[in-house]
Amino acid sequence: MITVRWLGHSSFHIKTPEASLLIDPFFSGNPLAPKDAMDIRADYILVSHGHGDHVGNALDLAKRDNAILISNYEIAGWLEAKGLKTHGMQPGGGHAFPFGRCKLTLAFHGSALPDGSNGGNPAGFLLTFNNRKTFYDAADTGLFGDMRLIGDEGIDLAAIPIGDNYTMGPKDALRAVEFLRPKQVIPIHYNTFPIIEQDAHEWARNVRSQTTTQAVVLEPGAVLEL
Ligand code: NI
Ligand code: MN
C-alpha cells in the first residue's frame, strides 16, 4: 500500500513499502505545515523547482537523513555542490528508483533558486509505484494542453494548484482536470498566504458536477491511500 499525506502548500510525504519520500518539503514559514512535519524521515526528497516555497527545508532534511535529492539537473548540481546526494533529471525523462518510476513533466513557471542561481526548468512529477498506481503532482504551473498527454498515461491521483496568481486558478484547474482525467484529484498551493486564498470546497463541487473525477479536499496532514 502507498500512503500519500498532504503537508500543506505543495508538500507531500509518500510512503511506499520500499522508501519514504518527501516532495517540496516547505515546513519552516509555512503556516499550514503540520507540527510533526520536521520529524518525518526521508530516503528521497523531490524538488519540483527552485523557489523557496518548494526547496524549503530540503537541504536540512537531506543532510539530516542522508537522503537522495531528485530534481532537475541544474538544481541537482546546486545541491551537490553543497555536499548532498542527488539524482539529476530533466522534463520528459524518467528513471526507475526502488520506490517506482519517477518522470519529470512539463510545468509553466519559473525556477530561480533562493540565492539567484539558475534553477533550470520547473517540473512536475509523474510517479508510477511498484503496485502500478500513479500519482501526478503538477507542482507550480499554469494550464497547458499537453496535460492531455500526461492524462493518456492513466492517473490514479493528481495534485494540482488552484491558488491563482503564481499558478493556475480554480477555472484553469478545472480545465486541467478535464485534460488529465485522473480518478481522484486534490487541490494544492492555496490558502498558504492571503494572495492565494481560494474556496477549495467550491472548486471540488465544480469538479464533481462537471467531470467524472472524484475531487477530495484534504486538511493539511490528512492521508490518502493508493
Ligand atoms: Ni514557484
Ligand atoms: Mn510555489
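Keep in mind that what you see is a predicted model, and the values were worked out from it rather than measured.

(A) Spotlight on the nonpolar core. Counting residues in each nonpolar core, the largest one holds 54 residues, and the members touching the most others are C102, L127, F135, Y136 and I160. Residue contacts for F135: discarding those within four places in its chain leaves V4, F12, I14, I23, F125, L126, L127, F129, L157, A158, A159 and L226. Formed by 21 residues, the second largest nonpolar core is a distinct cluster that contains F27, A33, I45 and L59.

(B) Fine view of the environment of N72. With respect to the helices, strands and loops of the structure, N72 is situated in strand 5 (residues 68-72). Along the backbone, N72 and L218 are 146 residues apart, and their C-alpha atoms lie at a distance of 28 Å. Among residues more than four places away in sequence, those in contact with N72 are G88, M89, Q90, L104, S111, G119, G120 and N121. Polar contacts involving the side chain of N72 include one to the main-chain carbonyl oxygen of G119, which spans 2.7 Å.

(C) Up close: the coordination of the nickel ion (ligand 1). At this site the nickel ion (ligand 1) is bound by H49 (NE2), H51 (ND1), H109 (NE2) and D140 (OD), with donor distances of 2.2 to 2.3 Å. Classification of the site at the nickel ion (ligand 1) as irregular follows from its four donor atoms and the range of 87 to 176° in their angles at the metal. When the donors of the nickel ion (ligand 1) are listed by position in the chain, the intervening gaps give H-x1-H-x57-H-x30-D. The two metals, the nickel ion (ligand 1) and the manganese ion (ligand 2), are separated by 3.2 Å and share D140 as a common coordinating residue. Note that H51 is positioned in the loop between strand 4 (44-46) and helix 1 (52-55) and D140 in the loop between strand 10 (134-137) and helix 4 (147-152), a separation of 89 residues in sequence. H51 gets classed as partly exposed once you look at its relative accessible area, which sits at 24%.

(D) Seen up close, the sheet that holds strand 8 (residues 100-106). Overall, mixed pairing links the seven strands, which are arranged 7-8-9-10-11-12-13 in an open sheet. The outermost strands of the open sheet, each flanked by one partner alone, are strand 7 (94-97) and strand 13 (214-215). Of the strand pairs in this sheet, strand 11 (residues 157-161) and strand 12 (residues 184-188) are connected by five bridges, and their pairing is parallel. In the sheet register, L157 faces strand 12, and the bridge partner there is Q184. Against the sheet, helix 5 (residues 170-180) makes contact with strand 10, strand 11 and strand 12, and its axis sits at roughly 155° relative to strand 11, the strand it touches most. Across the sheet, helix 6 (residues 200-210) lies against strand 11, strand 12 and strand 13, angled at about 155° from strand 12, the strand it touches most.

(E) Structural view of the coordination of the manganese ion (ligand 2). Donor atoms from the polypeptide that coordinate the manganese ion (ligand 2) comprise D53 (OD), H54 (NE2), D140 (OD) and H189 (NE2), at 2.1 to 2.2 Å from the metal. A residue is classified by how much of its surface remains accessible, and H54, at 0% relative accessible area, is buried. H189 sits in the buried class, given a relative accessible area of 1%.

(F) Looking closely at unusual backbone geometry. Notably, N66 is not glycine yet its phi reads approximately 55°, a positive angle. Note that N66 resides in the loop between helix 2 (58-65) and strand 5. In this structure, A139 takes a positive phi of about 55° despite not being glycine. If you trace the backbone, A139 turns up in the loop between strand 10 and helix 4. Looking at A139, the relative accessible area reads 0%, which means it is buried.

(G) Broad picture of the packing of aromatic side chains. If you walk through the whole model with that rule in mind, you get seven aromatic pairs. With 5.9 Å between their ring centres and 15° between their planes, W6 and Y190 make a pair best called stacked. Here Y190 lies in the loop between strand 12 and helix 6 and W6 lies in strand 1 (residues 3-6), a separation of 184 residues in the sequence. Look at F26 and F193: their rings are 6.4 Å apart centre to centre, the planes differ by 45°, and that puts the pair in the tilted class. Here F26 is found in the loop between strand 3 (20-23) and strand 4, whereas its partner F193 is found in the loop between strand 12 and helix 6, with 167 residues between them in sequence. Taking relative accessible area as the criterion, F26 reaches 8% and is therefore assigned buried. Among the aromatic residues, those joined into a cluster by ring pairs are Y44, F97 and F99. Seen from the ring of W78, K82 lies directly overhead, with NZ or CZ sitting 4.5 Å from the centre. When the ring centre of F179 is taken as origin, the NZ or CZ atom of R148, which lies over that ring, is 4.1 Å away.

Cut-offs used in this document
- Residues numbered from 1 in each chain as written.
- Chains lettered and ligands numbered in written order.
- Predicted model: local features only at pLDDT ≥ 70, side-chain atom pairs only at ≥ 80, totals over all residues.
- Heavy atoms only, no water.
- Core = buried A, V, L, I, M, F, W, Y, C linked by side-chain atoms within 4.5 Å.
- Buried < 20%, exposed > 50% of the residue type's maximum accessible area, 1.4 Å probe, protein only.
- Contact = heavy atoms within 4.5 Å.
- Helix = DSSP H or I, 4+ residues; strand = E, 2+ residues; numbered from the N terminus.
- Polar contact = N/O pair within 3.5 Å; in protein donor to acceptor, adjacent residues only side chain to side chain.
- Donors = N, O, S within 2.8 Å, 3.2 Å for Na, K, Ca; no water.
- Tetrahedral: all angles 85-135°; square planar, octahedral: opposite > 155°, others 65-115°.
- Pairing = 2+ DSSP bridges.
- Axes fitted to C-alpha atoms, helices over the stretch in contact; angles between N-to-C directions.
- Phe/Tyr/Trp six-rings, centres within 6.5 Å; stacked < 30°, edge-to-face > 60°.
- Lys NZ or Arg CZ within 6 Å of the ring centre and 35° of its normal.

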